[in-house]
Amino acid sequence: MAAGLSAQTQAMPASIPVIDLGGLYSDDPAARKAVAAKIGAACDDIGFFYVVNHNVPVETIDRAVAAADRFFALPEAEKLKIKANSNNRGYRDIWDSVHRNGKTNAKDSFDLGFPVTEDDPEVKAGTPFYAPNLWPDLPGFREAIEPYYMATYHLGMKILEGFALYLGKPEDFFTRHFTKPVADMVINHYLGNAGLHVSDQASGPHTDHGIVTILWQDSLGGLEVMGKDGQWISATPLRGSYVINIGELMKRWTNGRFQATVHRVVHLRDMSRYSMPLFCNPNFRTTVDPRDLGVPDAEVKYEPVQSGEFLMSRFKATRKLWGADLNKITTGEVVEAAAE
């Protein structure tokens, strides 16, 4: 059974559209373009949307969530056996992320990325973000998480095809840069509020770093999106859906046309909350340049950047593993740890 059930009978959150992706999987070019138009309109407007009928099986999601629950129930000492490294692989405790206000994140996480082996040329060269995944000694965990990662990654590629169609480019305009992507998934375990200091937070206001985020969230809710009026909009969980949002790199690539919108997580219930975002970013050396999309030189707002270097600059401002320092966090543009 495919996940992504019809959302027509579910309560719709204000200002965040729900898009049926079925047409993107069609052989009919007109059907694909029709869905792409809806995706593009959402990106031009709020930079957030839900997708249903996305071809990620319910069973695949359920197995991953069950495996995550078993992992986070392990003793801390057992989880720390695969403590995260600076390539974003492994377990991160609550002290890893840095916020401007000095508060800790009330969550711990497990990070994984696009699968590579020790003999991969990028790994041998020491290219940042490329490293084999770290797996706990937990039967069935890897067997549940890897298929989920790949199914979500393929969904991300389908959405990128929609972006390209909307922007008048060949369908592989973006995906051809994702042959060995910096596509990291974070499995977040938000702690219940019992025992937490009142100043602790789930995830502070931030924009995401990269191209596009593919988010599964559980039924507890907590994700909030800043509307154009500066008020917070609740991204209510819709059964069978993913929440999609634009990151800073995609905003740059589209010369500010696509919106990278500030969002946060507020989790006040005394029970664990889970979310599993995949941050889809291209190969490390991809050049992100608005001119590629036909923006005239005189109108370019963002100079070309190398995708990997840009992502490194963001992590260095938000994660202690990357050397983040509370006294050196970027001001102006909201730079926080992306963790829906």
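Structure: see above.
Residues numbered from 1 in each chain as written. Predicted model: local features only at pLDDT ≥ 70, side-chain atom pairs only at ≥ 80, totals over all residues. Heavy atoms only, no water.

A. Region of interest: the overall build of the protein chain. Across its full length, the protein chain carries seven helices and 14 strands. Here the protein chain holds 340 residues, and the buried ones make up 57% of them. Surface accessibility of the protein chain: about 14,000 Å² in total, with carbon and sulfur atoms responsible for 52%. (Helix = DSSP H or I, 4+ residues; strand = E, 2+ residues; numbered from the N terminus. Buried < 20%, exposed > 50% of the residue type's maximum accessible area, 1.4 Å probe, protein only. Areas by Shrake-Rupley, 256 points an atom, 1.4 Å probe, with all protein chains shown as cover.)

B. Quick peek at the packing of helix α2 (residues 58–72) against helix α5 (residues 141–166). At a minimum axis separation of 8 Å, α2 and α5 run at an interaxial angle of 135°. When the axis of α2 is compared with that of α5, the two are oblique. Crossing of α2 against α5: the hand is left-handed. In this structure, α2 uses T60, I61, R63, A64, A67, A68, R70 and F71 to contact α5, whose residues at the interface are F141, A144, I145, P147 and Y148. For the contact of α2 with α5, the residue count by class is 10 nonpolar, one polar and two charged. (Axes fitted to C-alpha atoms, helices over the stretch in contact; angles between N-to-C directions. Parallel < 35°, antiparallel > 145°, perpendicular 65-115°, else oblique. Left-handed = near helix turned anticlockwise from the far one by under 90°. Contact = heavy atoms within 4.5 Å. Nonpolar A, V, L, I, M, F, W, Y, C, P; charged D, E, K, R; others polar.)

C. Local environment of the sheet that holds strand β3 (residues 90–92). Pairing within the open sheet is mixed, and its eight strands lie in the order β1-β2-β10-β7-β12-β5-β4-β3. Because the sheet does not close on itself, it has two edges, and the strands there are β1 (18–20) and β3. Between one strand axis and the next, the sheet turns through 25° on average, direction left out of account. On the sheet, α2 packs against β3, β4 (107–112), β5 (184–190), β7 (212–217), β10 (242–246) and β12 (273–280) and is oriented at approximately 115° with respect to β12. Against the sheet, α5 makes contact with β2 (48–52), β4, β5, β7, β10 and β12, and its axis sits at roughly 135° relative to β7, the strand it touches most. (Pairing = 2+ DSSP bridges.)

D. Structural detail: the pattern of salt bridges. Counted by the stated rule, this structure contains 18 salt bridges. Its salt-bridge partner being R89, residue D184 comes within 3.3 Å of it at the nearest N-O pair. With D184 in strand β5 and R89 in the loop between α3 (76–79) and β3, the pair connects residues that are 95 residues apart, well separated along the chain. Considered together, D184 and R89 belong to a single accessibility category, that of buried residues. In this structure, the salt-bridge partner of R291 is D297, at a minimum N-O distance of 2.9 Å. Judged by its relative accessible area of 30%, R291 falls in the partly exposed class. What emerges from the salt-bridge pattern is a single network uniting D289, R291, D297 and E303. (Salt bridge = Lys/Arg side-chain N within 4 Å of Asp/Glu carboxyl O.)

E. View of the packing of aromatic side chains. Enumeration according to the criterion identifies 15 aromatic pairs in this entry. A centroid spacing of 5.4 Å and a plane angle of 35° characterise the contact between F71 and F141, whose relative ring orientation is tilted. A residue pair is termed long-range when its members are at least 10 positions apart, and F71 in helix α2 and F141 in helix α5 qualify at 70 residues. The pair formed by F71 and F141 is uniform in burial state, with each residue classed as buried. Taking the centre distance of 6.1 Å and the plane angle of 65° together, the rings of W135 and F141 count as edge-to-face. Across the pair, F141 and W135 agree in class, each one buried. Taken together, the aromatic side chains of F71, F72, Y91, F110, W135, F141 and Y274 make up a single cluster linked through ring pairs. (Phe/Tyr/Trp six-rings, centres within 6.5 Å; stacked < 30°, edge-to-face > 60°.)

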